Amino acid sequence: TEQMKIAKHDILLSKKDLAKAVSLLLTDNGIFCVMYPASEWTEWQRVGAECGLFVQRHFKIYPKKNNPLNRIIAMMKKGKCDLSTEKLFIRNADGIYTSTFKLLMQDWYLNSI
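Let us look at the structure shown here. Small disclaimer: the values here were computed from a predicted structure and weren't measured. (Residues numbered from 1 in each chain as written. Predicted model: local features only at pLDDT ≥ 70, side-chain atom pairs only at ≥ 80, totals over all residues. Heavy atoms only, no water.)

1. A word on the layout of surface pockets
By volume, the second largest pocket is sized at about 270 Å³. Taken together, 13 residues make up the lining of the second largest pocket; nearest its centre are Ile61, Ile73, Leu88, Leu104 and Met105. Mapped onto the lining of the second largest pocket, the elements with two or more residues apiece are strand E2 (53–64), strand E3 (71–78), strand E4 (84–91) and helix H4 (99–105). In terms of residue class, the lining of the second largest pocket is made up of 9 nonpolar, 1 polar and 3 charged. (1 Å grid on protein atoms, 1.4 Å probe; cavity = no way out; pocket = protein on both sides within 12 Å on 5 of 7 lines; lining within 4 Å. Points joined across faces, edges and corners; volume = space filled by probe spheres on them. Helix = DSSP H or I, 4+ residues; strand = E, 2+ residues; numbered from the N terminus. Nonpolar A, V, L, I, M, F, W, Y, C, P; charged D, E, K, R; others polar.)

Below you can see the structure in the form of structure tokens.
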């Protein structure tokens, strides 16, 4: 549906508008979290940096161990800082949720995973 497209993509809120708003609203010690498709990540980092937002920690998300990277979740703050990178595999090669994913998501899933 159109609403689903709007919710999942930056149709009504561009990367630049989002970065500007976050930069204005974020306190000096605040942290902002964002998730983007891997294909859009370089552009988001560039736009964020132009607005003074820099990645402190990011998670590279892989649907399965043998699949390519498809999303990145980042914790960003004002000013440059040391970068921490972690990989997160959602499922193992057999298609079963990894223990790391289960632990991370257990509070948000209504049904056991």
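Text resumes after the structure shown.
2. A look at the packing of helix H2 (residues 15–25) against helix H3 (residues 41–50)
Angle between the axes and distance between the axes: these two values describe a pair of packed helices. At their nearest, the axes of H2 and H3 sit 9 Å apart, and the two run at 40° to each other. As the angle between them shows, H2 and H3 are arranged oblique. Handedness of the crossing formed by H2 with H3: right-handed. Residues Lys15, Lys16, Leu18 and Ala19 of H2 touch H3, and the partners they reach there are Glu43, Trp44, Val47, Gly48 and Glu50. (Axes fitted to C-alpha atoms, helices over the stretch in contact; angles between N-to-C directions. Parallel < 35°, antiparallel > 145°, perpendicular 65-115°, else oblique. Left-handed = near helix turned anticlockwise from the far one by under 90°. Contact = heavy atoms within 4.5 Å.)

3. Examining H3
Three- or four-residue spacings in an α-helix give side chains the same orientation, since the helix completes a turn every 3.6 residues. For H3, the set of buried residues is Trp41, Trp44, Val47 and Gly48. Take H3 and look down its axis: the buried residues cluster within an arc of 130°, on one side only. Along its buried surface, H3 packs onto H2, strand E1 (32–37), E2 and E3. In the segment just after H3, glycine 52 is the residue with positive phi, at about 85°. (Buried < 20%, exposed > 50% of the residue type's maximum accessible area, 1.4 Å probe, protein only. Arc of directions from axis to C-beta.)

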